[in-house]
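# Secondary and tertiary structure notes
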Amino acid sequence: MGSGQVTSSELKGKHVTVAGLGVSGIPAAKVLHGLGAHVTVVNDGDDERARAQAAELEALGITVRLGDTASISGSAAGTLPEGTELIVTTPGWKPDKPLFAAARVAGVPVWGDVELAWRLRGPDAAPWLAVTGTNGKTTTVQMLASILKAAGLRTAAVGNIGVSLLDVVLGEENYDVLAVELSSYQLHWAPSLRAHSAVVLNLAPDHLDWHGSMEAYAADKGRIYEGNRVACVYNVADKATEDLVRAADVEEGCRAVGFTLGTPAPSQLGVVDGILVDRAFVENRHKNAQELAEVSDVNPPAPHNVANALAAAALARAFGVPATAVRDGLRAFTPDAHRIAHVGDVDGVAYIDDSKATNTHAAEASLAAYESIVWIAGGLAKGATFDELVAKSAKRLRGAVLIGADRALIREALARHAPEVPVVDLDRTDTGAMLQAVQEAKRLAVEGDTVLLAPACASMDMFTNYNKRGDAFAEAVRELGAGT
């Protein structure tokens, strides 16, 4: 099994080890078993949920080893299940697992579920337009799918967005093109992926515990450009993304295409007088530009979201989509909940839910969208520091309300870089703290301000996930409105 496509007949009878249960491991195991492979699943966890999942797979005739020492970091027993010819891993498994070290020694290839899907696609499979980046991936992929649909193309938003690529590749529906969201984990384990065109939206420190360093994280993101055929799209404002394009080995004739919130140079998309314009996919791009849409067609028209729209437009234009489809697709797009969502207005103050801003990079983009902000922030910092975020955003802050386990880190950054900003520190981590936070924010805000939930932290210290945190914020705002 080299670097090309594989057929089901090539997998028949192969001894394949699937590393990890979960959202991608279970489907991979079932697919491989269905193709006639001898499948063994190893999983380091051995809890009630894992046992239930194992029973489901064992009923199909799949071997499952729970609490497998070969899968546990630091274990001396880094051995492969006997006869293993291929490992298919779930994205979350760190590269330092002993199982993978044993695979390297034995010359056994390791694929992720994305790699497996890429290899199993048919000879007439739809090309992939691929999106990665620290923030904005899901929104950009959804925008891209909306634009492609507006052009009359059969498409779907798939991948890390929650739709299994294996299901799509092996399903009966025929697509013209796929809008594919890929995480750095997935890219690490997808060495032979070759997209039609791809974008790295931005790069900021994230998941460094998994990748080991910022350099390794960036390198895995940059894999999305390898072998691109038509366009490598990069962020003009983030030089690291352009550096990844320069380092990529692409097909002859593939172009570097930038996107910018400023006036675009040739081979770029950008913004001129409130209009999204294309100077990349037009004839005589040194003199001509194509109007695509108005900034007001982007929902919401916050700067970072306009950047997402330009990235989506660049990929769509690389695929030959007409300008009218970009406009129509952006107008038809509705963002997911908890992404800079306008919850309501109370006494002339807007309340915005960006609970999805779970790291400092996302929070910085959110804060940059408003002029005068009462900021609700805090949660689990995941090792992040907040000095740069606060320093860049200080002039926009009217006040701050801090919640969550690691709020002291933000409070200290505010004291260093925005000492004049009033801060309310809520010493509680129960779910009811959100109502008090919103009440305190109302007290600090004046007419024309924005109360912004952009926590810059994960939610699990107080809430099940960022969705629940955003729901609590919205409910608190409704209570606020009902009491006025």
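Residues numbered from 1 in each chain as written. Predicted model: local features only at pLDDT ≥ 70, side-chain atom pairs only at ≥ 80, totals over all residues. Heavy atoms only, no water.

## Quick look at the pattern of salt bridges
Where we set the bar: Salt bridges are identified by distance alone: a Lys or Arg side-chain nitrogen within 4 Å of an Asp or Glu carboxyl oxygen. To qualify as a helix, a DSSP run of H or I must reach at least 4 residues; to qualify as a strand, a run of E must reach at least 2; elements of each kind are numbered from the N terminus. Residue burial is assigned from relative accessible area. The probe radius is 1.4 Å, only protein chains are included, and a residue is buried under 20% of its type maximum, exposed over 50%, and partly exposed in between.
All chains considered together, the criterion is met by 24 salt bridges. With a shortest N-O distance of 3.0 Å, Asp328 and Arg327 are connected by a salt bridge. Across the pair Asp347 and Lys442 runs a salt bridge whose closest N-O atoms are separated by 3.3 Å. Here Asp347, found in the loop between strand S15 (341-346) and strand S16 (349-353), pairs with Lys442, found in helix H17 (residues 433-444); they are 95 residues apart in sequence, far enough to count as distant. The exposure class assigned to Lys442 is partly exposed, which follows from its relative accessible area of 29%. Among the charged side chains, a network of salt bridges with common partners joins Arg407, Arg411, Asp425 and Asp427.

## Quick notes on the pairing of strand S12 (residues 268-272)
Which entries qualify depends on this criterion: In this description, strands pair whenever DSSP reports at least two bridges between them.
Most of S12 is tucked away: four of the five residues are buried. Of the pairings in the sheet, the one linking strand S11 (residues 255-259) to S12 comprises two bridges and is parallel in character. If you follow Gly258 over to S12, its bridge partner there is Gln268. In this sheet, strand S13 (residues 275-278) lies alongside S12 in antiparallel orientation, the contact comprising four bridges. Bridging across to S13, Val271 finds its partner in Leu276. Turn length for the S12-S13 hairpin, with the two strands adjacent in sequence and antiparallel, is two residues, and the turn residue Asp273 shows positive phi of about 50°.

## Digging into the confidence of the model for the protein chain
Stated formally: In predicted models, pLDDT denotes the confidence assigned by the predictor to each residue on a 0 to 100 scale. Two residues form a contact once any of their heavy atoms are found within 4.5 Å.
Averaged over every residue, the pLDDT of the protein chain is 91; the share at 70 or more is 94%. Taken as a whole, residues 71-77 scores under 50 in pLDDT and shows 15 contacts with residues more than four places along the chain or in a different chain.

## A word on the pairing of strand S18 (residues 397-402)
The line we're drawing: Classification remark: right-handed applies to a crossover when, strands pointing away from the viewer, the course from the first strand over the helix to the second runs clockwise.
Burial analysis of S18 places five of its six residues in the buried class, which makes it a mostly covered element. Handedness of the crossover joining strand S17 (residues 373-377) and S18 through helix H15 (residues 387-393): right-handed. By the bridge criterion, three bridges tie S18 to strand S19 (residues 423-425) in an arrangement that is parallel. Across the sheet, the residue bridging to Leu402 is Asp425, located in S19. Taken together, S18, helix H16 (residues 407-417) and S19 constitute a β-α-β crossover, and its handedness is right-handed.

## A short note on the side chain of Lys221
The condition is simple: What qualifies as a polar contact is a pair of N or O atoms within 3.5 Å, subject to a donor-acceptor requirement within protein and to the restriction that residues adjacent in sequence count only when both atoms come from side chains.
Assignment of secondary structure puts Lys221 in helix H10 (residues 214-222). Polar side-chain contacts of Lys221 include one of 3.0 Å to the backbone oxygen of Gly133. Each residue touching Lys221, except ones within four places of it in the same chain, is listed here: Thr132, Gly133, Thr134, Lys137, Leu182, Ser183, Ser184, Leu187, Val200, Leu203 and Leu244.

## Quick look at the nonpolar core
The condition is simple: In this text, buried Ala, Val, Leu, Ile, Met, Phe, Trp, Tyr and Cys residues form a nonpolar core when linked through side-chain atoms within 4.5 Å.
Residues Leu32, Val41, Leu116, Trp128, Leu178, Leu182 and Tyr225 are the most contacted members of the largest nonpolar core, which totals 56 residues. Apart from residues lying up to four places away in sequence, Leu178 is in contact with Ala126, Pro127, Trp128, Leu129, Thr155, Ala156, Val158 and Val168.

## Focus on the sheet that holds strand S1 (residues 15-19)
For the record, the criterion: With axes taken as lines fitted to C-alpha atoms, and helix axes fitted only over the stretch in contact, angles between N-to-C directions fall between 0 and 180 degrees.
Strand order across the open sheet formed by five strands is S3-S2-S1-S4-S5, with parallel pairing between neighbours. Of all strands in the sheet, those bounded by a partner on one side alone are strand S3 (63-66) and strand S5 (110-112). Strand after strand, the sheet turns through a mean of 25° between neighbouring axes, direction not considered. Of the pairings in the sheet, the one linking strand S4 (residues 86-89) to S5 comprises three bridges and is parallel in character. Looking at the pairing, Thr89 lines up with Gly112 of S5. Most of the contacts of helix H3 (residues 48-58) go to S3, to which it runs at about 165°, and overall it touches strand S2 (38-43) and S3.

## Focus: helix H6 (residues 137-150)
Note the threshold: Helix span is expected to be 1.5 Å times the residue number reduced by one.
Between its first and last C-alpha, H6 extends 20 Å over 14 residues, near the 20 Å set by a 1.5 Å rise per residue. A large share of H6 lies buried, amounting to 12 of its 14 residues. Inspection of H6 places Lys137, Thr138, Thr139, Thr140, Val141, Gln142, Met143, Leu144, Ala145, Ser146, Ile147 and Leu148 among the buried residues, and these make up the whole buried set. If you follow the buried residues of H6, they end up packed against strand S6 (128-132), strand S7 (157-159), strand S8 (178-181), H10, helix H12 (303-318) and helix H13 (323-332). Gly152 sits one or two residues past H6 and shows a positive phi near 85°.

## Considerations on the packing of helix H2 (residues 25-34) against H3
Angle between the axes and distance between the axes: these two values describe a pair of packed helices. How we decide: Between 65 and 115 degrees an angle is taken as roughly perpendicular, under 35 as roughly parallel, over 145 as roughly antiparallel, and anywhere else as oblique. Gly is put with the polar residues, along with every residue not named as nonpolar or charged; the nonpolar set is Ala, Val, Leu, Ile, Met, Phe, Trp, Tyr, Cys and Pro, and the charged set is Asp, Glu, Lys and Arg.
At a minimum axis separation of 11 Å, H2 and H3 run at an interaxial angle of 10°. In terms of orientation, H2 lies roughly parallel with respect to H3. Note on element contacts: H3 touches H2 through Gln53, Glu56 and Leu57, opposite Ile26, Ala29 and Lys30. Looking at the contact of H2 with H3 residue by residue, the classes come out as three nonpolar, one polar and two charged.

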